[in-house]
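Chain and residue survey
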Amino acid sequence: MKFLLIGNGAREHALGEAIVRSPQKPELVVFADKINPGLQKIATVYEKVDSLSDLVKLRELVEREKPELAVVGPEAPIAAGAADLLEELGVGCVAPKKSSARLESSKGFTRKLLQDYGIPGNPDFAVFVPGSETEKAMRDFMKSLNGEFVVKADGLKSGKGVKVVGDHLSGIDDGLHFAMSCLNEDGRVVVEEKLVGEEFSAMFLTDGKTLVALPVSQDHKRAFEDDKGPNTGGMGSYSDEKNSLPFLQPEDLTAAREITEQVLVALQKETGETFRGVMYGGFIVTKNGVRLIEYNARFGDPEALNVFPILKTDFVAVCQKVVAGELVSLPLEFEKMATVVKYAVPEGYPNNPVAGSPIKILGLPAGCQIFYAAVDVDSEGQVLTGTSRAIAVVGIAESLTAAEQISEAGMQKIEGRLFHRRDIGTPSLVEKRISHLKNLRGE
Ligand code: AMP
Ligand code: GLY
């Protein structure tokens, strides 16, 4: 059996490892726009193209290799219609079709979906379109939020389309300026209440009927320790030995699931399509309860790296159940282990990354796994830094403290002009998250 994997980051390297360790022994066919040395090693076919959204090239590969199943990693090919094409070609696909992927690709669509179907979790928000009164209406709305707002471009922007007052915007004038530029670019912009609390990533696999929860984790977007510096694709994430987070109560997880269940039903009504794939909610626990930040229609990166190294169930069987609509019959099992993911990134990342610098891996400690992200490989097979995150190091152990120490020990074995965030998953960072929420809740 052939299994098609679209994408070539660390998330896809972890997906690829989960596919090839299946007892069904599938052949891995990869559709990539960059060489990933880890994925290339385990793939039977590694098709390198210029763009993952090139559906003509994707069609050619599928017609030639005839895979039975497919999973799509990144958002761009999903939003471009990779799943629509795969369905047309008779390939079972774990990723939603283009229309359903608006859950991620349009923030305004998702906010309105929750509003129209009376689903809890939205902050105060408004969607604006160009018009003679728009600038004034936006200013009034920002004022009504006491100047505590977030502006979100209404398209796929790889994390660069969201600006938060206090972090990236100095106030209403600055916010209006950014909102007007979003309107010009996308024809729509979302302005919403700034939420304060602790964020968590809750991913669910679904066949359109059943939702299966994956281990919950917390990502770290800022480049430097103590959540300072520019935003990145995510510097690392942690998940505890209960496959949850130490600051979450059971009712927080229940709230995330209930919102997602209702969104799934609403989305399928709205699109008339079955959603097969991942609903990944970025949630925040506030003093007033759980709120939705956004949905993604794919596995998170780094969050997928907290999931696949401890997945006990055959992932290929899981995908078969998703495609067949039989997820209800499959217990999905994870090791009760804590995981700490840290990304080694080039010096200067994200603004001025040092590319082309050699990376050496000297041998890893027990309980440590690594996944390649965006590296280059020279003609002698030497791995080099690229311009984005280089290598994800995952520590796996019976406690968060031990998993964090293993990920640090793993980092010591990676030589090169790289840096990482030492604070992710440490006891002092986790303690800070817990006391932040306690303070907010007035406990
Ligand atoms: P991204 O996930 O790249 O779209 O970035 C979104 C990030 O912006 C989230 O992880 C939050 O940290 C922040 N964010 C988005 N919406 C809000 C909101 N309503 N209140 C506070 N922070 C937000
Ligand atoms: N963890 C952020 C993302 O996957 O978008």
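Above this note sits the structure.
Reading the values: the criteria
- Residues numbered from 1 in each chain as written.
- Chains lettered and ligands numbered in written order.
- Predicted model: local features only at pLDDT ≥ 70, side-chain atom pairs only at ≥ 80, totals over all residues.
- Heavy atoms only, no water.
- Helix = DSSP H or I, 4+ residues; strand = E, 2+ residues; numbered from the N terminus.
- Rg over C-alpha atoms; globule rule 2.2 N^0.38 Å.
- Buried < 20%, exposed > 50% of the residue type's maximum accessible area, 1.4 Å probe, protein only.
- Contact = heavy atoms within 4.5 Å.
- Areas by Shrake-Rupley, 256 points an atom, 1.4 Å probe, with all protein chains shown as cover.
- Near = heavy atom within 4 Å.
- Polar contact = N/O pair within 3.5 Å; in protein donor to acceptor, adjacent residues only side chain to side chain.
- Core = buried A, V, L, I, M, F, W, Y, C linked by side-chain atoms within 4.5 Å.
- Pairing = 2+ DSSP bridges.
- Axes fitted to C-alpha atoms, helices over the stretch in contact; angles between N-to-C directions.
- Arc of directions from axis to C-beta.
- Phe/Tyr/Trp six-rings, centres within 6.5 Å; stacked < 30°, edge-to-face > 60°.
- Parallel < 35°, antiparallel > 145°, perpendicular 65-115°, else oblique.
- Left-handed = near helix turned anticlockwise from the far one by under 90°.
- Nonpolar A, V, L, I, M, F, W, Y, C, P; charged D, E, K, R; others polar.

Some details on the overall build of the chain
For the chain, the helix and strand inventory stands at 13 helices and 25 strands. For the chain, the C-alpha radius of gyration of 21 Å lies close to 22 Å, the compact-globule estimate for 443 residues. Taken over the C-alpha atoms alone, the chain extends approximately 60 × 50 × 40 Å along its principal axes. Considering the chain as a whole, with its 443 residues, one finds that 56% of them fall into the buried category. A separation threshold of at least 6 residues defines the contact pool for the chain, and within that pool the share at least 24 residues apart is 69%. A total accessible area of about 17,900 Å² is found for the chain, and carbon and sulfur atoms account for 47% of it.

What about the site of ligand 2?
Taken together, the residues surrounding ligand 2 are Asp-219, Lys-221, Tyr-280, Asn-296, Arg-298, Gly-300, Asp-301, Pro-302 and Glu-303. Contact distances for ligand 2 include 2.8 Å between an oxygen atom and a side-chain N or O atom of Arg-298.

Focus: the nonpolar core
Nonpolar side chains in soluble globular proteins tend to be buried together. Counting residues in each nonpolar core, the largest one holds 100 residues, and the members touching the most others are Phe-200, Leu-205, Phe-299, Phe-308 and Phe-315. Once you skip the residues sitting within four places of it in the chain, Phe-315 turns out to touch Leu-15, Ala-18, Ile-19, Phe-299 and Phe-308. In this structure, Leu-52, Val-62, Ala-83 and Val-91 belong to the second largest nonpolar core, which totals 21 residues.

A closer look at unusual backbone geometry
Going from Asp-301 to Pro-302, the amide bond is cis rather than trans, its omega being 20 degrees. Within the fold, Pro-302 resides in the loop between strand E17 (289–296) and helix H11 (315–324). With an omega dihedral of 5 degrees, the bond running from Tyr-349 to Pro-350 counts as a cis peptide bond. With respect to the helices and strands, Pro-350 occurs in the loop between strand E18 (338–346) and strand E19 (360–361). For Lys-25, which is not glycine, the phi torsion reads 50 degrees and is therefore positive. By relative accessible area, which is 66% here, Lys-25 ends up exposed.

Side note on the sheet that holds strand E10 (residues 198–206)
Ordered in space as E11-E10-E16-E17, the 4 strands form an open sheet in which the pairing is antiparallel. Two strands in the sheet have a free side with no partner beyond their single neighbour: strand E11 (211–213) and E17. Pairs of neighbouring strands in the sheet enclose a mean axial angle of 35 degrees, with direction left out of account.

Quick look at helix H8 (residues 134–144)
Residues Thr-134, Met-138, Phe-141 and Met-142 constitute the buried set of H8. Summarising the axial view, the buried residues of H8 lie within an arc of 100 degrees, below the 170-degree limit, and thus occupy one face. Across H8 from its buried face, at more than 90 degrees, point the exposed residues Lys-136 and Lys-143. Where H8 is buried, its residues meet strand E6 (125–128), strand E7 (149–153), helix H9 (172–186) and strand E9 (189–193). At the C-terminal side of H8, Asn-146 shows a positive phi close to 55 degrees.

Quick look at the packing of aromatic side chains
For the structure on display, the rule yields 6 aromatic pairs. Considering the side-chain rings of Phe-200 and Phe-283, the 5.6 Å spacing of their centres and the 25 degrees angle between planes classify their relative orientation as stacked. One end of the pair, Phe-200, is in strand E10; the other, Phe-283, is in strand E16 (residues 277–286), and 83 residues separate them in sequence. You'll find Phe-200 and Phe-283 in the same group, each marked buried. For the pair Phe-283 and Tyr-295, a centre-to-centre distance of 6.1 Å together with 85 degrees between the ring planes defines the contact as edge-to-face. Of this pair, Phe-283 sits in strand E16 while Tyr-295 is found in strand E17, placing the two residues 12 residues apart along the sequence.

Some points on the sheet that holds strand E8 (residues 162–164)
Across a sheet, paired strands are connected by hydrogen bonds in the backbone, their directions being either parallel or antiparallel. An order of E6-E9-E7-E8 is seen for the 4 strands of this open sheet, with the pairing classed as antiparallel. The open sheet terminates on both sides in strands that have one partner only, identified here as E6 and E8. Across the sheet, the mean angle from the axis of one strand to that of its neighbour is 15 degrees, orientation sign disregarded. Inspection of the sheet shows E7 paired to E8 by 3 bridges, in the antiparallel sense.

Looking at the packing of H8 against H9
As a packed pair, H8 and H9 sit with axes 10 Å apart at the nearest point and diverge in direction by 135 degrees. In terms of axis orientation, H8 runs oblique to H9. Crossing geometry of H8 relative to H9 is assigned as right-handed. Between H8, through Thr-134, Glu-135, Met-138, Arg-139, Met-142 and Lys-143, and H9, the contact on the second element is made entirely by Ile-172, Asp-173, Gly-175, Leu-176, Ala-179, Met-180 and Leu-183. The class makeup of the residues in the contact of H8 with H9 is 7 nonpolar, 2 polar and 4 charged.

Remarks on the packing of helix H7 (residues 107–116) against helix H10 (residues 250–271)
Following both chains from N to C, one finds H7 and H10 inclined at 105 degrees, their axes separated by 10 Å at the closest point. Judged by the angle between their axes, H7 and H10 are roughly perpendicular. In contact with Phe-109, Leu-113 and Leu-114 of H7, H10 contributes Ile-259, Val-263, Ala-266, Leu-267 and Glu-270. Partitioning the contact of H7 with H10 into residue classes produces 7 nonpolar, no polar and 1 charged.

Side note on the environment of Ser-53
Its location among the elements puts Ser-53 in the loop between strand E3 (45–48) and helix H3 (55–65). Overall, Ser-53 belongs to the partly exposed group, its relative accessible area being 28%. Taking the C-alpha atoms as reference points, Ser-53 and Ala-82, 29 residues apart in sequence, are found 7.4 Å from one another. Sequence-distant contacts of Ser-53, defined by excluding residues within four places in its chain, comprise Ala-76, Pro-77 and Ala-80.

Purely geometric stuff here, so don't read any function into it on its own.
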